[in-house]
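# Notes for the structure review
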Amino acid sequence: MVDLDNAVIVDVEPSVPIRTAEAFAARKMIDRIAERFGMTPDKLVGNTGYGSAEMLGWLVEERGIAPHIPVWDKSKRTDGTFSREDFVYDPTTDSYTCPGNKELRTYRRNFSTPRKPNGGKDGFIRYRASKHDCDACPLKPQCCPGDPGRRVMRSVHEAARDIARNIRKTDAYMTSFIQRRKVEMLFTHLKRYIGVPMMRLRGPKGAYEQFQLAATAQNLRKLAKLVPQPEPTA
């Protein structure tokens, strides 16, 4: 984890090369630097690997950190049918409106006590259209040709995902995108100048110890450039 203003490594955490493990390592480092140094970042800059719904929800809803991260989204369809982005969500009624101007809801029964939709084990809420509406719709071949009715899934962290999507449209996101090069440059310097082309110690504990020393050497190297040098004598 790097402080982008000064290109200083503030923490390291080893993880296996799995997207969920890398996101968990980032969360662990954020909590650790807040405990050790009292630092809470205003924004987190990362690649798409950190753009899962769970990660974005944790950043926005629990830590109040702006996610300058591309959203991990696989809702785009490639078979020519309507994707989820073609459906309009209305937060007041908690429903989607399809291109045929029909509603998709989680419940169609009138309960005496209104129920709040809860996500399943995968963290998604299902919105379904009426079979009667879909059967009479002329857009059915473009929407759900093989199903009796169209279904749309919405993440329980969709509000956080929308925040990340809106941030990506701003100039601040482009600035963060350029600042990400500082992180890649630090990795390059570790390999080229510090002499760490690969991990030499086995296991997570060995990798953590080796990278702690490498990061310390990298920070000392940067600190040495900031120390004022004495003026040369005549």
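The following refers to the structure shown. Computed from a prediction, not measured in an experiment: that's the story for all the values here.

Rules used in this analysis
Numbering of residues starts from 1 in every chain and runs along the sequence as written. The predicted origin of the model limits local features to residues at a pLDDT of at least 70 and limits the giving and counting of side-chain atom pairs to 80 or more, whereas totals for whole chains, interfaces and linings rest on all residues. With hydrogens and water stripped out, all remaining heavy atoms of the structure feed into the side-chain values. To qualify as a helix, a DSSP run of H or I must reach at least 4 residues; to qualify as a strand, a run of E must reach at least 2; elements of each kind are numbered from the N terminus. Three exposure classes are used, based on accessible area relative to the maximum for each residue type with a 1.4 Å probe and protein chains only: buried under 20%, partly exposed in between, and exposed over 50%. The contact definition used throughout considers only heavy atoms, calling two residues in contact when any of these lie within 4.5 Å. In these tables, accessible area is a Shrake-Rupley quantity obtained with a 1.4 Å probe, and a residue counts as shielded only by the protein chains included in the view. In this charge count, Lys and Arg are treated as positive and Asp and Glu as negative; neither His nor the chain ends contribute. We put the charge of a Lys on NZ, of an Arg on CZ, of an Asp on CG and of a Glu on CD. Patch membership requires over 30% relative accessible area and the absence of a salt bridge. Like charges are linked within 9 Å, and nonpolar side chains (Val, Leu, Ile, Met, Phe, Trp, Tyr) within 5 Å. Only one rule defines a salt bridge in this text: a Lys or Arg side-chain nitrogen within 4 Å of an Asp or Glu carboxyl oxygen. Any two strands between which DSSP finds at least two bridges are classified as paired.

### So, the overall build of the protein
- In terms of regular secondary structure, the protein is built from seven helices and nine strands.
- Each of the three principal axes of the protein carries a C-alpha extent, and together these read 90 × 40 × 35 Å.
- Residues classed as buried in the protein amount to 32% of the 234 residues present.
- Taking the intrachain contacts of the protein between residues at least 6 apart in sequence as the baseline, contacts between residues at least 24 apart amount to 55%.
- With the model as given, the accessible surface of the protein reaches about 15,500 Å², and the carbon-plus-sulfur share is 55%.
- Of the charged side chains in the protein, 40 are positive and 28 negative, and the gap between their average positions amounts to 4 Å.

### Some details on a nonpolar patch on the surface
- Together, Leu 220, Leu 223, Leu 226 and Val 227 make up a nonpolar patch on the protein surface, roughly 410 Å² of accessible area in all.
- With respect to the helices and strands, the residue Leu 223 is situated in helix α7 (residues 203-226).
- Exposure remark for Leu 223: the relative accessible area of 48% places this residue in the partly exposed category.

### With respect to the pairing of strand β8 (residues 124-129)
- Residues Ile 125, Tyr 127 and Ala 129 point to one face of β8 and are all buried, whereas Phe 124, Arg 126 and Arg 128, pointing to the other face, are not buried.
- Bridging between strand β7 (residues 103-105) and β8 involves two bridges; their strand directions are antiparallel. Paired with Leu 104 across the strands is Ala 129, a residue of β8.

### Considering the pattern of salt bridges
- Per the counting criterion, the structure on display carries 16 salt bridges.
- Across the pair Asp 73 and Arg 161 runs a salt bridge whose closest N-O atoms are separated by 3.6 Å. With a gap of 88 residues between them, Asp 73 in the loop between β4 (66-68) and β5 (88-90) and Arg 161 in helix α5 (residues 158-168) connect regions that are remote in the sequence.
- In this structure, the salt-bridge partner of Arg 165 is Glu 158, at a minimum N-O distance of 3.0 Å.
- Residue class for Arg 165 comes out partly exposed when judged on its relative accessible area of 24%.
- Of the residues examined, Glu 158 reaches a relative accessible area of 4% and is grouped as buried.

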